[in-house]
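Below, each chain spelled out in residue letters.
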2 protein chains.
Amino acid sequence: MEYAIGADIGGTKIQIAAVDREGRVVDRHLLPTEAQLGPDQVMGKLLSGIGLILSRMPANARITGIGVGSAGQIDFASGTVAFAGDQLPGWTGTPIKARVEERFGLPTYVDNDVNVVAVAERLYGAGLGLDSFLCVALGTGIGGAIVEAGRIVRGAQGCAGELGHVSVDFNGPRCSNCGNNGCVELYASGSGIARLGSELIDAAKELPAWRADSREIAQAWLQGDPQAAQVMGIAIRALAAAIAGYIHMCNPQAVIVGGGVSETGSVFLDELDREVRGRTSPSVRSAYRLLPAYVGNDAGVIGAAAQVWLYGGNI
Amino acid sequence: MEYAIGADIGGTKIQIAAVDREGRVVDRHLLPTEAQLGPDQVMGKLLSGIGLILSRMPANARITGIGVGSAGQIDFASGTVAFAGDQLPGWTGTPIKARVEERFGLPTYVDNDVNVVAVAERLYGAGLGLDSFLCVALGTGIGGAIVEAGRIVRGAQGCAGELGHVSVDFNGPRCSNCGNNGCVELYASGSGIARLGSELIDAAKELPAWRADSREIAQAWLQGDPQAAQVMGIAIRALAAAIAGYIHMCNPQAVIVGGGVSETGSVFLDELDREVRGRTSPSVRSAYRLLPAYVGNDAGVIGAAAQVWLYGGNI
């Protein structure tokens, strides 16, 4: 049997798995990133974790390659970290591909964590059979990936797909990450919804029944709380305006939304879809579908591993 | 000598030219579109114009193919008009490629008018040697084209690149073209600047020295008029917010801006560049340059013709 190793490096945990060609996880290992210890320690954990999984594989298993997905901006061609923020201090400049290939002698592919999720969606999930789609990853911030003509849009340095840093209010609050005003991440990410909740609390005559936390606000909204509905209404309209812009730019077959409040279920996605449809030209609207992310919690390691099949020319 | 025929179909005029491999126009013919006469008349004009240019070519000239750029949204694969608005009534659905190939028996390539300008910029202009860049065409509206990894981003139906319909204010005025709120076209296109000028006139205690016309406003701004500076400040900030979003999405090597107020010269582009740089992450900002469109007035026919070299596999 043939397998690929997938590794998903986030700010809090590193997940490593052995994955087969059908996208099934056959073994896994989870360890804390402890990013504050610095890049050498993180790299050490990655290498020893991969080594552990490899040592546990049956003798007749064939390991075709290693795929890594990492938080931050990754230069795919060199497999080096182009930029990583406070989530992974000192990670910028780390030559992940070179270090992994040097240690294990297996072809290695490195991309950012949202691009590898797009690979998983395309091979096994909501993007199956689609040549042009976007992934919108709602989390503390908003990440993204763009697939066009069957290929991930990487741009000049592998930094494309920063969908959270599209402005939906050029007079809005300043984004401390990029300097633009009114980035959609300031309204529809977990921290954005919490920010809107805080603003409402500061201005409200009557304090709401929830704290300024995106999951609490989303739950209260689903239960009919009018103040939560006010916050979620702003978040949904801002996100819909941004997605409508992506659609006019990229004319995709689908926008796949996952993470954060999208996991509260179909009410959120239905509302979002209705808003997006009202904000798009008929010519691009007809091609588009809003889809929930499909691959689930293992999307990071499955997508990381699937790079081996996708780019290794064996699929 | 080898030539391609290029045709540029706009709402008011059709321009047809014979163009050599170096992008030089060697013969041209200009005729009014008279779009109100309907699609059959427009197609008749296109075919007879191409026929005229072909009949004037020297006997030893080799014509390699025909390229057409048309206003509206074009399905590149079939060479059919996917959608055309009021500018070309009834033009939607016209099988341009099939009709031209049927008449002249030459390989024909059809794309929208901004995508062919991107082809011209890439082969002969500001995009020379660049694999990832965007073209922003300021006019009555705002058109666009996206080049990624050396290829034009087309999306599901050839409608990608509608850069004017990216929202920069999700609570802004509703766009009658697409239904979104606060499309950048409502602020920084010719009609958008005129709209902002009208708003200022309606609210002003002292009437400005200019009429609500984008060229008058831009000229007054260059001469130091403070009310014009107010309007142009809004237009530039809105456009910069949108361009910063494009940059975070596509991580391009360049954004090439042409048409409309960008033709007032370097003051506009310098101000715009300064605003864009303040609104982008260091990682994507370092790759990017703001460039004025280079190919000029003939970009439409030169780019239309250049499709023959680009897609014919001879370049």
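Residues numbered from 1 in each chain as written. Chains lettered and ligands numbered in written order. Predicted model: local features only at pLDDT ≥ 70, side-chain atom pairs only at ≥ 80, totals over all residues. Heavy atoms only, no water.

Asks: Help me understand the sheet that holds strand β4 (residues 62-70) of chain A, please; the structure alone is not making it clear to me.
Replies: Whether parallel or antiparallel, the strands of a sheet pair through hydrogen bonds between backbone atoms. All names here are of chain A. Reading across from one edge, β3-β2-β1-β4-β7 is the order of the five strands in this open sheet, with mixed pairing throughout. One side of each edge strand has no neighbouring strand; the edge strands of this open sheet are β3 (25-32) and β7 (108-112). Strand-to-strand twist across the sheet, computed as the mean angle between neighbouring axes with direction ignored, equals 15 degrees. Bridge count between β4 and β7: five bridges; the pairing is parallel. Across the sheet, the residue bridging to Ile66 is Thr108, located in β7. Contacting β1 (2-9), β2 (13-20), β3 and β4, helix α1 (residues 39-56) crosses the sheet at an angle of about 150 degrees to β3. On the sheet, helix α10 (residues 299-311) packs against β1, β2, β3, β4 and β7 and is oriented at approximately 130 degrees with respect to β1. (Pairing = 2+ DSSP bridges. Helix = DSSP H or I, 4+ residues; strand = E, 2+ residues; numbered from the N terminus. Axes fitted to C-alpha atoms, helices over the stretch in contact; angles between N-to-C directions. Contact = heavy atoms within 4.5 Å.)

Asks: So what exactly am I meant to see when it comes to the pattern of salt bridges here?
Replies: Two side chains of opposite charge can pair, provided their charged atoms sit close to one another. In this structure the tally under the stated criterion is 30 salt bridges over all chains. Where Arg62 of chain B meets Glu2 of chain B, a salt bridge forms, and the shortest distance between an N and an O atom there is 3.4 Å. Placement of the pair is Arg62 of chain B in strand β4 (residues 62-70) and Glu2 of chain B in strand β1 (residues 2-9), with a sequence separation of 60 residues. The class of Glu2 of chain B is buried, set by a relative accessible area of 17%. A salt bridge links Arg279 of chain B to Glu275 of chain B; its shortest N-O distance comes to 2.9 Å. Taken together, the salt bridges that share partners define one network made up of Glu2, Arg21 and Arg62 of chain A. (Salt bridge = Lys/Arg side-chain N within 4 Å of Asp/Glu carboxyl O. Buried < 20%, exposed > 50% of the residue type's maximum accessible area, 1.4 Å probe, protein only.)

Asks: What is the right way to read the interface of chain A and chain B from this model?
Replies: In many analyses, interface size is given as the accessible surface area lost on bringing the parts together. Contacts between the two partners involve 55 residues from chain A and, on the opposite side, 55 residues from chain B. Counting the surface lost from both chain A and chain B, the interface buries some 3,900 Å², and carbon and sulfur atoms represent 54% of this. Among the residues of chain A in contact with chain B, Phe170, His248 and Met249 of chain A are the three that bury the most area, contributing 21% of the side total. Applying the counting rule to chain A against chain B returns zero salt bridges. Taken together, the links from chain A to chain B amount to 37 residue pairs in polar contact (both at pLDDT 80 or more). Elements supplying a minimum of two residues to the side of chain A that touches chain B: β9 (142-148), β10 (151-152), α7 (226-250) and α9 (282-285) of chain A. Grouping the amino acids of the side of chain A that touches chain B by side-chain chemistry returns 25 nonpolar, 22 polar and eight charged. (Buried area = accessible area lost by both parts, 1.4 Å probe. Polar contact = N/O pair within 3.5 Å; in protein donor to acceptor, adjacent residues only side chain to side chain. Nonpolar A, V, L, I, M, F, W, Y, C, P; charged D, E, K, R; others polar.)

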